[in-house]
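Below, each chain spelled out in residue letters.
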Amino acid sequence: MKQLLAWLDNRTGWSGILHEALYERIPGGARWRYVWGSTLVFTFVIQMITGIFLWAAYSPSAQTAWESVYYIQEHMFLGSIVRGIHHFAAQAMVVLMAIHLIQVIIDGAYKAPREVNFWLGLVLMQIVLALGLTGYLLPWDQKGYYATQVSTEIMGATPIIGQQLQFVVQGGPEYGHHTLTRFFALHAGILPASLIAFLGLHIYVFRRHGITVPEPERAPTTTFWPDQVLKDGVACLGVLAVVMGLAIFKGAELSAPANPAEAYSAARPEWYFLFLFRFLKFEAVEHFGLAFGAIYLPGALMTLVAAMPIIAWWKNGHKFNVVFTWTLMVAIVVLTGMALYEDANDEKHQASIAQAEADAHRAKELAKLPTRIPVQGASFMLQNDPYKYGPRIFARQCASCHRWNGHNGMGQPVMQTVDGKSSEAPATAADLAGFGTREWMRRILIDYENVFAPIKNSRWHKNATKDGKLEDVFHPFTSQKEDEPSGMMAGWSKTHSKILTKPEHAEDLAAILEYFAAKADHPGDVVNEKLLKRGKEILDDEAPLAGNVEMESCFGCHAAKFIDEPGGDAPNLRGYGYGSKEWLKQFILDPSFHYGSANQMPGYEGKMTAERLDLLVRWMIGDYHKPQNE
Amino acid sequence: MDNEKNTAADGVDASADSGEPRRNFMTSCVAGVIGAVVGIIPTITGLLFFLDPLIKKKNSGAAVDGGVEKDAEGRTKVANIADLSEVPERITVYNDKEDAWNMFLKQQVGAIYLSKNEGGKVSCFNVRCPHLGCSVEFRESQKDYYCPCHLSSFALDGSKQNKIPPRSLDDLGFVVDDDGDIWVKFQNYKATEATRIPVG
Ligand code: FES
């Protein structure tokens, strides 16, 4: 064995190299302040390891990036841990880099003869920041998508070559497949390769000049192995513990799949770029233009940092550098703090984040259904989710008159401004929560006037009452005139509520409701066949209620109208089932089809696309995958 | 110098007589262990993640909204018995295919040969050749199933007719419903084996 090693040494000189690497002299003894460079190399190694494994599962395209990251995160063994390590180690690297830089400046390790190595370090810093920036986009979630767009727009603001630069990096005028393939090539190929090359040079030049020792007489001279290695190892262990802890207990976020049509006002860069983000928000900075704030000024500061070794040639140059560094750091910390503080107190920002989190949660929930994610991608899947979009459409199109459980569909009150004062607006049409369900029908049958009571708040009803012309307009309330169609259903409800609410008719009422539930045919609703049979007897065959009590038939008024037979003043109950998806769609497009002139609601024909109508109606009747927490 | 290096590398405390600083054996051990730990943890985690495919994930095979119609056993409809004859017919089998995060509906997943003999008995074979996985073809002239890749040949009942294939053709389980529709449980088996080992 010894002979073999000796032979190998003779041919390769490995033991010399090893000796060179391990037994570097450290005058003044091993110290904790020397560990930062090693922890940086260590975190980079972690990134290489986890990065390559993630590479084996990641798929860079607009329809598969979020999806593959979701799959890593939610389905693959230890996926969330591996992604978490990669995510947090990247941030640890930025922190360690800042510490390393400050330590180098304070100890004067950048001064002659180490100028070149300092510059190599600055190049490495740029590469690491670029790795962070490119990596942020790869999951193709709302957060990364919008934040990165800011970066590429800034790139586009570069004088002269801006647009060309932006197009080349993005792979075109807009974000798409090639943005991801290019960012991925940068993130997993070009940048790490450059980093390795520059790191090699950095370490080589570092060894050439040796370690910078502030107090050589502090302790006896030692060597890198094992004394300094032990300290480095403990520091690395600390870094690893923090990163693993964050990966396990916090986890890397995967926000909602990127959707250019879905505003995301909470777009923020990674936290270590927040200071720049906040700086750009100053009015004074904006005044000078984007190129000034985002390119010239940071460029000038970086140039000043790069000039530090030269500045240090002068007397007091080093002091200037130290003061400058601390000033810059304080400015960065203050700006970052400001950005965080402002965001924490910005309700709109918080709401936007909450929305993205809810969307992300929903996307993951839908992706776990047996249908998985459609080939068009998770964003498409979410765009066709009634649970997500139904409430929004309702809030925009319906909530000016209607309510949903008292709110606008999205859980918010509907507000109005009267005489400069903001107050909650009264509803002017029925609260549609539970439309077409048994409960809805029960209220229609026995409490008709109350269901439509909000109509009394409407302008047309108020005007008609004021002018004493209520009898001339159709309205759903009890009429004085016996045979006036407007009030007939209210009248029916008044007389029959007395009958139907009697305990002996409870089962018959349930049977009638079952009949209409079957007509409405809401998805997922299970009809009780026995009750339905009885309901058919009562409604179709006009059988008397229990105890031989007669009920005035529904189809006296509602019968004649079939689907291809519009007009009339009472809704069609025998065509499309009342309250069903088709009935509701047709009703929203053209209320007069069912009600003639007896309905004040405007038709939405031509005002709503078929897709949006479908989302709205499916939401109203509960035709969507119900979230687990409801 | 050389001697010095070797002893140090072996972890033996080297005295400072050659001008080298003192090295402590315990320090070396602890440093070595910590170094190994910080290296191994991320590597092992990543490696286990990479071995994810070895963790058995069962695909329910149940019918999916908008997908292929299936019975409780996961069989799909392939043909009607009335349309079959003694001449085997090659039929494409469709199924829903789960692929990581996607579910591809109504995909072509394979093909079968279906035939009916005079007695009305139906036979159903996977076209995959058990030798190395090419597709067999029915040869009218020879009345056999023939694989052009390495010349395997199988009789109409699926039994192997030369020494090339390791086993006979893979017949697939099916049921015929009241309407005469044939429902097949499509399955691929590992090639090269004398016994049938299901894959996927
Ligand atoms: S694969 Fe069919 S004979 Fe070899």
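Look a little higher up for the structure.
Residues numbered from 1 in each chain as written. Chains lettered and ligands numbered in written order. Predicted model: local features only at pLDDT ≥ 70, side-chain atom pairs only at ≥ 80, totals over all residues. Heavy atoms only, no water.

(A) Region of the structure containing the overall build of chain B. For chain B, the count of helices and strands is two helices and 11 strands. Reading chain B from its N terminus to its C terminus gives the helix and strand order α-α-β-β-β-β-β-β-β-β-β-β-β. Counting only residues that meet the buried cut, chain B has 38% of its 200 residues in that class. Of all intrachain contacts in chain B linking residues separated by at least 6 positions in sequence, the fraction that spans at least 24 positions is 45%. Counting every atom, chain B has about 11300 Å² of accessible surface; 54% of that belongs to carbon and sulfur. (Helix = DSSP H or I, 4+ residues; strand = E, 2+ residues; numbered from the N terminus. Buried < 20%, exposed > 50% of the residue type's maximum accessible area, 1.4 Å probe, protein only. Contact = heavy atoms within 4.5 Å. Areas by Shrake-Rupley, 256 points an atom, 1.4 Å probe, with all protein chains shown as cover.)

(B) Structural context of the pairing of strand β6 (residues 144–147) of chain B. All names here are of chain B. Burial along β6 is two-sided: Asp144 and Tyr146 facing one way and Tyr145 and Cys147 facing the other are all buried. Here strand β5 (residues 137–139) folds back onto β6, and the loop between the two strands holds four residues, one of which, Lys143, carries a positive phi near 55°. Direction of pairing for β6 relative to strand β7 (residues 152–154): antiparallel, over a ladder of three bridges. Looking at the pairing, Tyr145 lines up with Phe154 of β7. Between the antiparallel neighbours β6 and β7 lie four residues, among them Leu151 with a positive phi of about 65°. (Pairing = 2+ DSSP bridges.)

(C) Examining the environment of A:Trp55 more closely. Residue and element names in this part refer to chain A. With respect to the secondary-structure elements, Trp55 resides in helix α3 (residues 35–55). Between the C-alpha atoms of Trp55 and Gly29, which are 26 residues apart in sequence, the distance is 41 Å. When neighbours within four sequence positions are excluded, Trp55 is seen to be in contact with Phe184 and Ala188.

(D) Layout of the side chain of B:Ser153. Residues and elements named next belong to chain B. Along the chain, Ser153 falls in strand β7. Of the polar contacts made by the side chain of Ser153, one reaches the side chain of Asp144; its length is 2.9 Å. Excluding residues within four positions of it along the chain, Ser153 makes contact with Asp144, Tyr145, Ser159, Lys160, Gln161 and Asn162. (Polar contact = N/O pair within 3.5 Å; in protein donor to acceptor, adjacent residues only side chain to side chain.)

(E) Quick peek at the interface of chain B and chain A. Counting residues at the interface gives 37 residues for chain B, matched by 46 residues for chain A. Here chain B is connected to chain A by one salt bridge. For B:Glu98, the salt bridge goes to A:Arg372, with nearest N and O atoms at 2.6 Å. Our count for the contact surface shared by chain B and chain A stands at five residue pairs in polar contact (both at pLDDT 80 or more). (Salt bridge = Lys/Arg side-chain N within 4 Å of Asp/Glu carboxyl O.)

(F) How the structure looks around the environment of B:Pro148. Along the chain, B:Pro148 falls in the loop between β6 and β7. Ignoring anything within four residues of it in the chain, the contact list for B:Pro148 reads B:Ser135 and B:Glu137.

(G) Fine view of the nonpolar core. All names here are of chain A. Membership of the largest hydrophobic core comes to 55 residues, with the highest contact counts inside it found for Trp440 and Leu616. Among the elements of the structure, α18 (386–398), α19 (438–446), α20 (448–451), α22 (485–500), α23 (506–520), α24 (529–539), α26 (581–589) and α28 (610–620) are those that each provide at least two residues to this core. Core analysis: the second largest hydrophobic core is formed by 44 residues, Ala109, Leu129, Cys236 and Tyr272 among them. (Core = buried A, V, L, I, M, F, W, Y, C linked by side-chain atoms within 4.5 Å.)

(H) Local environment of the packing of α23(A) against α24(A). Residues and elements named next belong to chain A. Between α23 and α24, the least distance of the axes is 7 Å, while the angle of their chain directions is 95°. With respect to their mutual orientation, α23 and α24 come out roughly perpendicular. Contacts between α23 and α24 involve Glu507, Asp508, Ala510, Ala511, Ile512, Glu514, Tyr515, Phe516 and Ala518 from the former and Lys530, Leu531, Leu532, Arg534, Gly535, Lys536, Ile538 and Leu539 from the latter. (Axes fitted to C-alpha atoms, helices over the stretch in contact; angles between N-to-C directions. Parallel < 35°, antiparallel > 145°, perpendicular 65-115°, else oblique.)

(I) Spatial organisation of the packing of helix α5 (residues 79–106) of chain A against helix α10 (residues 224–249) of chain A. Residue and element names in this part refer to chain A. Packing of α5 against α10 leaves a shortest axis separation of 8 Å and a crossing angle of 135°. As far as their axial angle goes, α10 and α5 are oblique. Taken as a pair, α5 and α10 cross one another with a handedness that is right-handed. Contacts between α5 and α10 involve Ile81, Gly84, Ile85, Phe88, Ala89, Ala92 and Leu96 from the first element and Val239, Val243, Met244, Leu246, Ala247 and Ile248 from the second. (Left-handed = near helix turned anticlockwise from the far one by under 90°.)

(J) Up close: the pattern of salt bridges. All names here are of chain A. All told, the structure shown has 32 salt bridges over all chains when counted by the stated rule. Glu365 is paired through a salt bridge with Arg362; the nearest N and O atoms lie 3.0 Å apart. On the criterion of helical spacing, the pair formed by Glu365 and Arg362 is a turn pair, its members being three residues apart in helix α16 (residues 347–367). According to the relative accessible area criterion, Glu365 is buried, its value standing at 9%.

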